[in-house]
Amino acid sequence: MHYHPENIESKWRKNWVDTQLYKVDNSSDKQKFYVLDMFPYPSGAGLHVGHPLGYIASDIFSRYKRLKGFNVLHPMGYDAFGLPAEQYAIQTGVHPAVSTDENIKRYREQLDNIGFCYDWSREVKTSAPSYYKWTQWIFLQLYSHYYDLTSDKAMPIDHLIAVFAQDGNKTIKAANSQESTFTASDWQGMSAKQKDDVLMNYRLAYRKTGYVNWCEALGTVLANDEVKDGFSERGGHPVEKKAMMQWSLRITAYAERLLNDLDTLEWSDALKAMQRNWIGRSEGAQMFFDIVGHDQKLEIFTTRPDTIFGATYMVLAPEHDIVPQITTNDQKEAVANYIDYVGSRSEVDRMAEVKEVTGVFTGAYAINPFNGKKIPIWLGEYVLKDYGTGAIMAVPSDDERDQVFAKKFGLEIIDVVDKSDYPGATLHDKLGKMVNSDFLNGIEVKDAIKAMLTKIETQGIGSRKVNYKLRDANYSRQRYWGEPFPIAYDSEGVAHALDVDKLPLELPELENFQPASGGKSPVARAEDWVNQFPGLALETDTMPGFAGSSWYFLRYMDAVNDQAFASKEAINYWQDVDLYVGGTEHAVGHLMYSRCWHKFLYDLGYVPTIEPFKKLINQGMITAYGYYVDFIYLEKNSPSLNEKATIYGNQIDIIKHNVTSCIKHGFPLPLELTGKIGINQYRLPYVNEYLDGNNKLTKDAFLKYYDEIGVNYNINNHLDNYIWVKDENGEEYFTVNIVQEKMSKSKYNVQNPDEVVAKYGADCFRMYEMFLGPIEQSKPWDTKGIDGVNRFLRKYWSLFFSENGWNVSQVQPTAEEYKILHTTIKKVTEDIERFSFNTCVSAFMMCVNELKRLECNKKEILSALNVLLAPFAPFITEELNMMLGNDTSVHKASYPIFEPSYLVQDTVDYPVCVNGKKRDIVALSSKLTPKEIQDIALTLDNVKKYVDGKDLQRVIVVPGKMINLVVKE
RNA sequence: GCCGAAGUGGUGGAAUUGGUAGACACGCUGGACUCAAAAUCCAGUGCUAGCAAUAGUGUGCGGGUUCGAGUCCCGCCUUCGGUACCA
């Protein structure tokens, strides 16, 4: 009887669907446990072997919890709105809904292949109108609430309107972007449009003109976390700052709670640190400076108010509102030129030249409130419009950037902190004694800050303030494939929320998905749709990718409800996610937005918990090996080809190299070379089969590689282009560099799980992925070790069979057999609990090796082991479970109970060390006293050798562990 | 620069609280079975010396604490991830 996974697996795959084995109820006597995977975006490339890593871990944990008697919610769905489907539609005309559904079908097949225990009756798809109805509904809630700082929660906007009518906006403490104050009568006198504008400054979902990340290539704006190093995260297109009217989410209102509640979560410190960093809380002072000849004051934010006597100039962001008013006639032209210059620079330019300081004097002066000194006001790129107040007091003595700026423009530098007592301290350490600072002289920095804050407040020139790096999230996208806003504008441009009974507001049908002109979404082309409500025009932007994913975990609780996003009963039963598994790439985006939405829904009383994800595990990435060779190219405009160069110690005759076919890619010049030629990294997909042990590729091997594989990947076969080196035998070769990199279609390194499953079975694939290493660690995919797991499964299978067939005996197991089983139960259980799945697999291997050695075929042992293994290898265990005579699924069995008495040992193997070095091992009764152990140890020949004739100073006996003898010459 | 994680055989990795470093696998070497191969099984395998017993040495580097350090402390180096004119 041989193990044939393909037959077993297809049989049970079907059976589990037919019997609805994994369907979960929203009520049970059992304790709930909610295990969630970050749902995938269904891309055209399908799943690669990296995706299932986290899914397998969470599946094992779900199955384990179920065996342990929990009612486990373990759902899956699709984050189905997004840019790739739309880009594909633009290129091919295939409707995003069609391509998305095709991709989903493919994903589903791949997922089913691996044998996950998802309750598919709860599947969600964010692009389904029945789903995004509730995304729109939550948006409307955000729109119709503001954040009240007194009660520290979201409150209905109607409440705010009532307060405005009574007191204006002076008394209300709310998160807002309203710059002016008004009285009750001001409010009553306002037009509908004016009132709308004011309310927008308070709503949690609001519309505002601001500088946004505009991506020309994608034709849309992007959120901060969708931009990496000045390029779009998806597609890698350049991004620039542009002023646009956009919807935003006032996530900053929740900054403090998002920060503080991190403490309640079981997340890795690394991830918490990333979130704290992103929120970027800093305490300091908001201060007002008078401006010479103007009524207006200049507002700045500083964390170091103590250094004000060293503030020798002010710097404003070039976009600062006050600039036109304070610029003097003399400086008008210079300022205008500078602003033009700044505007012409892309984000990428700015980032590339961080060290370059630019700026211009406005001609205006501020007054230092403490000594009345005139301080020149400058503009500088290094001050950002949307952090703090967009204005700083510059203290060049104690701030690196201010110093560079001051030196460049010849501005005064006054030392105000004496750090001589603290060598190596920087301004961030806030150490030193104040000097040149009037009443602060001689005071330690930390005390000076406190004293200054008090002074500022008592003198009424400022106040303590907390600032956050976190910005409000941009919520508009000029795209088709996203949730439409349930918002329409009247002829005056006043926004009106659609009635809830109009939801879902479905996307219009379109033929052409090209962005419309003027930075508008393609949706704007569907004029009938836009104007479907008389007198109103619908918003044509759509919501961003993170909208649907910010609350999907709640929808799984009650996925088909059409009366609410989920019923109260379901939410009260499931509460929150107990275990969330996913990649670090969502550390600040998705995880921040979800937490914010959850807190908002908590404020409104829709969810009972303050945080959505109690425990979070970040699975590492499965990377692939990439094979690169150094490839010579000629720098553009290089005058001479007839030169020799030294590369890696070898003389290279440049003229031989075929220059025309070389790639120019702006790489930094390597090693000894300058100016003329450079080295590029050139990919050789799947070349590994042709390498010798030292990663050498000989000329013969290269030609073979090229003929057999390389020709399919546009490999350059002009031999002269490669850097060939001669070995001692005169054979030419080059060394291939092997790197670990992300799997992607463009790198030709994608490993498809289906192929592995087809060859080895899903059980083997699952266990092998777990066996690769710790779940949180990134590691390269390599099928080298898969045979080990495959052998294990066959060996396991063979425990149940002899040559003649089924061979399980009812005989009572021996003590040794019980001990092996219970050691394994203990180890596996503890390791699952700490998410150490790789060591679980090795524990199973040891167990099976031992049982095989004893030729154990006792039913009692094998039955228990089979249940223990079921979460890891659900198919083989289900088959054997049936053959063991059970008529219910092994996945409904109960978890074997660990019995410590089986592990009690009569003897312990004691290592005997002399001065910490192991010299012997002795088996001793576990009942011996330390004194007896010591006496026996000293009689051992191997020990005597090292102890006799020396001074025995000390004996350490750690009961059950080891013995150490300390001797001196 | 700052924040975070990590460096262990030829390879993936184990060692959970300071207590036998290298579990479990892969690979490799030798052997059995076979006409042969695959599969399977057995033995060996950190490095150095030795036929061997054995000895020395060994967890990125340099110090320290300790009877005892991969694990704790101090100072470095390297790699990976995040982040950056954040006032």
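Residues numbered from 1 in each chain as written. Chains lettered and ligands numbered in written order. Predicted model: local features only at pLDDT ≥ 70, side-chain atom pairs only at ≥ 80, totals over all residues. Heavy atoms only, no water.

**Considerations on the overall build of chain A**
If you tally the helices and strands in chain A, you get 30 helices and 41 strands. Along the three orthogonal principal directions, the C-alpha set of chain A runs to about 100 × 75 × 70 Å. Taking all 969 residues of chain A together, the buried fraction comes to 52%. Carbon together with sulfur atoms contributes 49% to the accessible area of chain A, which is approximately 44,000 Å² in total. (Helix = DSSP H or I, 4+ residues; strand = E, 2+ residues; numbered from the N terminus. Buried < 20%, exposed > 50% of the residue type's maximum accessible area, 1.4 Å probe, protein only. Areas by Shrake-Rupley, 256 points an atom, 1.4 Å probe, with all protein chains shown as cover.)

**Describing the sheet that holds strand β39 (residues 917–925)**
Pairing is mixed across the open sheet formed by four strands, whose spatial order is β39-β38-β41-β40. Looking at strand neighbours, the two that pair on one side only are β39 and β40 (951–958), the edges of this open sheet. Neighbour to neighbour, the strand axes of the sheet diverge by 20 degrees on average, direction disregarded. With seven bridges joining them, β40 and strand β41 (residues 962–968) adopt antiparallel strand pairing. (Pairing = 2+ DSSP bridges. Axes fitted to C-alpha atoms, helices over the stretch in contact; angles between N-to-C directions.)

**Side note on the sheet that holds strand β7 (residues 205–215)**
Either a parallel or an antiparallel arrangement is found when strands of a sheet pair, and the pairing is made through backbone hydrogen bonds. Pairing is antiparallel in the open sheet, where four strands are placed in the order β8-β7-β11-β21. The sheet terminates laterally at β8 (220–222) and β21 (473–474), the two strands that pair on one side only. Pairing of β7 with strand β11 (residues 240–249), which is carried by 10 bridges, proceeds in the antiparallel orientation. Across the sheet, residue Ala205 finds its bridge partner in β11, namely Leu249.

**Examining the protein's contact with RNA strand B**
Taken together, 52 residues lie around RNA strand B, and Thr303, Arg401, Arg791, Asn849 and Tyr946 are the ones closest in. At a separation of 2.7 Å, a sugar or linking oxygen of RNA strand B approaches a polar backbone atom of Leu772. Elements represented by at least two residues in the surface near RNA strand B include exactly α10 (269–279), β13 (297–302), α24 (786–798), α25 (815–833), α26 (837–853), β39, β40 and β41. The biggest single contributor to the surface near RNA strand B is α26, with six residues. Its residues placed into classes, the surface near RNA strand B shows 22 nonpolar, 11 polar and 19 charged. (Near = heavy atom within 4 Å. Polar contact = N/O pair within 3.5 Å; in protein donor to acceptor, adjacent residues only side chain to side chain. Nonpolar A, V, L, I, M, F, W, Y, C, P; charged D, E, K, R; others polar.)

**A word on the pattern of salt bridges**
When their charged atoms lie close together, side chains carrying opposite charge are able to pair. Applying the stated criterion across every chain yields a total of 41 salt bridges. Residue Lys125 pairs with Asp101 through a salt bridge whose shortest N-O separation is 2.9 Å. With Lys125 in strand β4 (residues 124–125) and Asp101 in helix α4 (residues 96–114), the pair connects residues that are 24 residues apart, well separated along the chain. Of the residues examined, Asp101 reaches a relative accessible area of 38% and is grouped as partly exposed. Between Lys433 and Glu444 there is a salt bridge whose closest N-O contact spans 3.4 Å. Note that Lys433 is positioned in strand β19 (residues 433–434) and Glu444 in the loop between β19 and α15 (445–458), a separation of 11 residues in sequence. (Salt bridge = Lys/Arg side-chain N within 4 Å of Asp/Glu carboxyl O.)

**Notes on α25**
Here α25 contains 19 residues, and its C-alpha end-to-end distance of 27 Å stays within 8% of the 27 Å for a straight helix at 1.5 Å per residue. All of the buried residues along α25 are Glu817, Tyr818, Ile820, Leu821, His822, Thr824, Ile825, Val828, Thr829, Asp831 and Ile832. For α25, the elements touching its buried residues are α2 (52–67), α26 and α27 (859–869). Phi turns positive, to about 60 degrees, at Phe835, one or two residues after α25. (Expected span 1.5 Å × (residues − 1). Contact = heavy atoms within 4.5 Å.)

**A look at the nonpolar core**
A general feature of soluble globular proteins is that nonpolar side chains tend to end up buried together. Counting residues in each nonpolar core, the largest one holds 166 residues, and the members touching the most others are Phe139, Tyr475, Tyr552, Met767 and Phe872. Of all the elements, α26 adds the most residues to this core, at nine residues. If we skip the residues at most four places from it in the chain, Tyr552 touches Leu36, Asp37, Met38, Phe39, Val124, Tyr131, Tyr580 and His590. If you look at the next biggest cluster of nonpolar residues, it comprises 50 residues, including Ile308, Leu316, Ala317 and Val383. (Core = buried A, V, L, I, M, F, W, Y, C linked by side-chain atoms within 4.5 Å.)

**Section: the pairing of strand β25 (residues 577–582)**
In the case of a regular strand, side chains alternate between the two sheet surfaces. Within β25, six of the six residues are buried, which leaves it mostly tucked inside the rest of the structure. Looking at chain direction, strand β1 (residues 32–37) and β25 are connected through three bridges and run parallel. What sits directly across from Val35, in β25, is Leu579. With five bridges connecting them, β25 and strand β26 (residues 613–618) associate as parallel partners. Counterpart to Tyr580 in the pairing with β26 is Leu616. Taking the sense of rotation as the criterion, the β-α-β connection linking β25, helix α20 (residues 590–603) and β26 turns out right-handed. (Right-handed = clockwise from strand over helix to strand, strands pointing away.)

**A look at the side chain of His891**
Turning to its location among the elements, His891 is positioned in the loop between α28 (874–883) and β38 (907–914). Among the residues examined, His891 registers a relative accessible area of 5% and is labelled buried. Only 3.2 Å separates the side chain of His891 from the side chain of Arg63, close enough to count as a polar contact. Polar side-chain contacts of His891 include one of 3.1 Å to the backbone oxygen of Pro874. Residue contacts for His891: discarding those within four places in its chain leaves Trp16, Leu21, Tyr22, Arg63, Arg66, Leu67, Ala870, Pro874, Thr877 and Glu878.

**Let's talk about the confidence of the model for chain A**
Per-residue confidence for chain A averages 86 on the pLDDT scale, and 92% of its residues sit at or above 70. Ignoring residues within four places in sequence, the model shows residues 652–676, a span with pLDDT below 50, making 68 contacts including any to other chains. Here the complex is predicted with pTM 0.90, and the ipTM for its interfaces comes to 0.95. (pLDDT = per-residue confidence, 0-100.)

**Section: the packing of helix α22 (residues 753–760) against helix α23 (residues 762–771)**
When two helices pack together, their arrangement is given by the angle between the helix axes and by the axis-to-axis distance. Look at α22 against α23: their axes get within 7 Å of each other, and the N-to-C directions meet at 120 degrees. One element, α22, and the other, α23, form an angle in the oblique class. Here Pro753, Val756, Val757 and Tyr760 of α22 come into contact with α23, specifically with Ala762, Cys764 and Phe765. The residue makeup of the contact of α22 with α23, split by class, is seven nonpolar, no polar and no charged. (Parallel < 35°, antiparallel > 145°, perpendicular 65-115°, else oblique.)

**A look at α4**
For α4, spanning 19 residues, the distance from its first C-alpha to its last is 27 Å, which sits close to the expected 27 Å at 1.5 Å a residue. Within α4 the residues assigned to the buried category are Pro96, Ser99, Thr100, Asn103, Ile104, Tyr107, Gln110, Leu111, Asn113 and Ile114. Gly115 sits one or two positions beyond α4 and adopts a positive phi of about 80 degrees.

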